[in-house]
Amino acid sequence: MHLLENCQPQHKEVAQKLKCSFYVDNCVYGVFITDEQERFIEHAKLIMLNRCFNLCGFESNVTGKNVDRSSGDTSILGVIWNLETDTLKCCTDMDTDL
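This is a predicted model, so every value here is computed, not measured.

A.B. asks: Is there a simple way to think about the pairing of strand β4 (residues 79–82) in this case?
C.D. replies: Within a regular strand, side chains alternate between the sheet's two faces. Sheet topology note: the strand β3 (residues 73–76)/β4 ladder contains four bridges and is antiparallel. Among the inter-strand pairings, D73 is bridged to a residue of β4, identified as N82. Linking two consecutive strands that pair antiparallel, namely β3 and β4, is a turn of two residues; a positive phi of about 55° is found at L77 within it. From the end of β4 to the start of strand β5 (residues 87–89), which pair antiparallel, there are four residues, and D86 there has a positive phi angle of about 55°.

A.B. asks: Even after reading the chapter, I still don't get the pattern of salt bridges, so can you show me in this structure?
C.D. replies: For side chains of opposite charge, pairing can occur when their charged atoms come near one another. All told, the structure shown has six salt bridges when counted by the stated rule. A salt bridge links R39 to E13, with the shortest nitrogen-to-oxygen separation between them at 3.3 Å. With R39 in helix α3 (residues 34–49) and E13 in helix α2 (residues 12–19), this pair connects stretches of sequence that are 26 residues apart. Classification of E13 by relative accessible area gives partly exposed; the value is 45%. In this structure, the salt-bridge partner of K17 is E36, at a minimum N-O distance of 3.7 Å. Linking K17 in helix α2 with E36 in helix α3, this pair joins segments that are 19 residues apart in sequence.

The rules behind each value
Residues numbered from 1 in each chain as written. Predicted model: local features only at pLDDT ≥ 70, side-chain atom pairs only at ≥ 80, totals over all residues. Heavy atoms only, no water. Pairing = 2+ DSSP bridges. Helix = DSSP H or I, 4+ residues; strand = E, 2+ residues; numbered from the N terminus. Salt bridge = Lys/Arg side-chain N within 4 Å of Asp/Glu carboxyl O. Buried < 20%, exposed > 50% of the residue type's maximum accessible area, 1.4 Å probe, protein only.

Functional significance is not addressed by these values, which are geometric in nature.
Pasting the structure below:
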């Protein structure tokens, strides 16, 4: 939190978004346009690199220059996200023999 509150002024907007976007070691944030996606990733990486945190493994349902993966299923906080259809699904293994 200290890192995000004391970043350079040009990164304040992205730092505010990062404050609400981390859960354990995952950052989950959505944007609406590719330009915003690229800007967010670049600024987030710079902010975190300032204190030797290497953000990596960016996934999106839109291909971008900083995106490592943009197709298939991925797990996000225990929920399956299909990047092609932009849909979420929960897998449950419920015992029906009660």
